[in-house]
Amino acid sequence: MKGKQAFDSLDVIYIELTNSCNFDCIHCGNDAGKRTSLDIGLVKSVLADFNECGGKKIMLTGGEPLMYPDIEEILRECARHEFVTHFSTNAFLLNSDRFDFVFDYDLIFRVSLDGTRDKHNEIRRNPFAYDGLISAMKKISANEQQVILRTTVMKQNKDCIADMLFEIDRLTKDEGIKIHGSKIWPMRNIGRANPEHMLTPAEYRDFLLNLNEKTRTFNPSFKIVVGPTFGIESEFKNGPIQSNDIYTCNILSKALEISFTGDVYPCSFVHYSLGNIATTRINDIFRSEKAIDFREKFLDKKSKTCDSCSAYESCKGGCIAENYQKLFNADNCKVKDVYCFRECGVA
């Protein structure tokens, strides 16, 4: 990859190419409604602008990006600009020869696995989701591409995540699936996701501690990262699972999200429009007065959230996206992560 310099620290762009998807997951962050996709001309313009300002990484998301009608052209443009390109997919469609063209490109596949076979199928609301994913990961591995697993923890699957990790490790050793790492995060209340599926702070803390206990003798062939861990990082020391140590966020300081409508958001969890790529260049949106104002309010979390909490240096206030609107209130109200252990009196 050619050497690039960041422009005003804008290093990463997440592009939600479409809100169309072949699954209907219970924790989906997309809003329900008419299925549509970004105009190909707008996407190509964004990629060109991002390249011009020294951008480094593109995250192609959806919906399901394989359902984007011009996905091959987008991949070709990303390769031409020599971006590091991540491809977030449920991978099911990769089992069709129709999509073999994706393996012509140097991609990092970010695929979702949310439990053992029955639980994954239940959450995906598709009885073939798990087997389709495993088959697709074998195909990705056969094409020497990299896979990063992402798991969303919720009430439905919290008790089977350890078994999921054991099974995936078996597949890497017995069937040649190549997994770079696994990232395990709690469900967030966005899109059409039902907040009733979310763990309470106490349940989330118990999940982390139980997962750590179950896997102490585990020797996986891939890296496993959990987070946020809100100050209990030492619990994972000398074990196979890594805490994310310092829970940092590149919201606005390094990254932007472009939705399928063309609206530009600080991140996929914060649907606060900073502008639209149909009328304004992405670089100008990043440097706009509206973005600067939001950045100053959002990144100044310590004075509004955590007082003298001993875990602050580890979690940096966590993810407060669900409550971002409170940052604009004049009463300087406290805003903290919905999974903060202090909420359950155990921190």
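Definitions and limits used
Residues numbered from 1 in each chain as written. Predicted model: local features only at pLDDT ≥ 70, side-chain atom pairs only at ≥ 80, totals over all residues. Heavy atoms only, no water. Buried < 20%, exposed > 50% of the residue type's maximum accessible area, 1.4 Å probe, protein only. Helix = DSSP H or I, 4+ residues; strand = E, 2+ residues; numbered from the N terminus. Arc of directions from axis to C-beta. Contact = heavy atoms within 4.5 Å. Phe/Tyr/Trp six-rings, centres within 6.5 Å; stacked < 30°, edge-to-face > 60°. Lys NZ or Arg CZ within 6 Å of the ring centre and 35° of its normal. Pairing = 2+ DSSP bridges. Axes fitted to C-alpha atoms, helices over the stretch in contact; angles between N-to-C directions. Parallel < 35°, antiparallel > 145°, perpendicular 65-115°, else oblique. Left-handed = near helix turned anticlockwise from the far one by under 90°. Nonpolar A, V, L, I, M, F, W, Y, C, P; charged D, E, K, R; others polar.

Student: Account for helix H2 (residues 71–80), naming residues and giving values.
Tutor: Residues Ile71, Ile74, Leu75, Glu77 and Cys78 constitute the buried set of H2. Looking straight down H2, one finds its buried side chains confined to an arc of 160 degrees; they lie on one side. For H2, the elements touching its buried residues are helix H1 (40–52), strand E2 (57–61), strand E3 (84–89) and strand E4 (107–112). One or two positions beyond H2, positive phi appears at glutamate 82, with a value near 60 degrees.

Student: Please provide a residue-by-residue account of the packing of aromatic side chains, values included.
Tutor: In the structure shown here, the tally under the stated rule is 11 aromatic pairs. Arranged with centres 5.4 Å apart and planes meeting at 40 degrees, the rings of phenylalanine 50 and phenylalanine 83 form a pair that is tilted. Here the residue phenylalanine 50 occupies a position in helix H1, and phenylalanine 83 occupies one in the loop between H2 and E3, the gap between them amounting to 33 residues. In terms of burial, phenylalanine 50 and phenylalanine 83 fall into one category: buried. Each ring, one from phenylalanine 87 and one from phenylalanine 109, has its centre 6.0 Å from the other, and the planes form 70 degrees; the classification is edge-to-face. A residue pair is termed long-range when its members are at least 10 positions apart, and phenylalanine 87 in strand E3 and phenylalanine 109 in strand E4 qualify at 22 residues. Judged on exposure class, the residue phenylalanine 87 and its partner phenylalanine 109 are both buried. Of the aromatic side chains, those joined through ring pairs into one cluster are Tyr204, Phe207, Phe230, Tyr339 and Phe341. Here the basic side chain of lysine 290 rests over the ring of tyrosine 272, its NZ or CZ set 5.1 Å away from the ring centre.

Student: Please provide a residue-by-residue account of the sheet that holds E2, values included.
Tutor: The 11 strands are arranged E8-E7-E6-E5-E4-E3-E2-E1-E9-E10-E11 in an open sheet whose pairing can be described as mixed. Since the sheet does not close on itself, it has two edges, and those belong to strand E8 (241–243) and strand E11 (275–276), each with one partner. Pairing geometry for strand E7 (residues 223–226) and E8, over three bridges, is parallel. Each residue of the ladder has a partner; that of valine 226, found in E8, is serine 243.

Student: Lay out the environment of asparagine 210 in plain terms, naming residues and giving numbers.
Tutor: Looking at the secondary structure, you find asparagine 210 in helix H6 (residues 201–214). When its relative accessible area of 39% is taken as the criterion, asparagine 210 is described as partly exposed. Expressed as a C-alpha distance, the spacing of asparagine 210 and alanine 162, which sit 48 residues apart in the sequence, is 9.0 Å.

Student: Help me get a handle on the packing of helix H5 (residues 161–174) against H6, residues and values and all.
Tutor: Taken N-terminus to C-terminus, the directions of H5 and H6 make an angle of 40 degrees; their axes are 9 Å apart at the nearest point. Considered as vectors, H5 and H6 are oriented oblique to each other. Crossing angle aside, the handedness with which H5 passes H6 is right-handed. Packed against H5, whose contacting residues are Ile161, Ala162, Leu165 and Phe166, the element H6 presents Phe207, Leu211 and Lys214 at the interface. For the contact of H5 with H6, a count of residues per class yields six nonpolar, no polar and one charged.

Student: Any chance you could break down the packing of helix H4 (residues 129–142) against H5 for me, citing the residues and the numbers?
Tutor: Direction vectors running N to C along H4 and H5 enclose 35 degrees, while the axes themselves pass 12 Å from each other. In the crossing of H4 with H5, the sense of the turn from one axis to the other is right-handed. Facing Tyr130, Ile134 and Met137 of H4, the residues of H5 in contact are Glu167, Ile168 and Leu171. When its residues are assigned to classes, the contact of H4 with H5 shows five nonpolar, no polar and one charged.

Student: I'd like a rundown of the environment of leucine 94, residues and numbers included.
Tutor: For leucine 94, the location among the structural elements is in the loop between E3 and E4. The sequence separation of leucine 94 and leucine 133 amounts to 39 residues, and the corresponding C-alpha distance is 8.7 Å. Discounting chain neighbours no more than four positions away, the residues touching leucine 94 are Leu66, Phe99, Val102, Phe103, Phe109, Ala136, Lys139 and Ile140.

Student: Please set out the pairing of E7 residue by residue, giving values where relevant.
Tutor: Here strand E6 (residues 181–186) pairs with E7 via four bridges, running parallel. What sits directly across from serine 182, in E7, is isoleucine 224.

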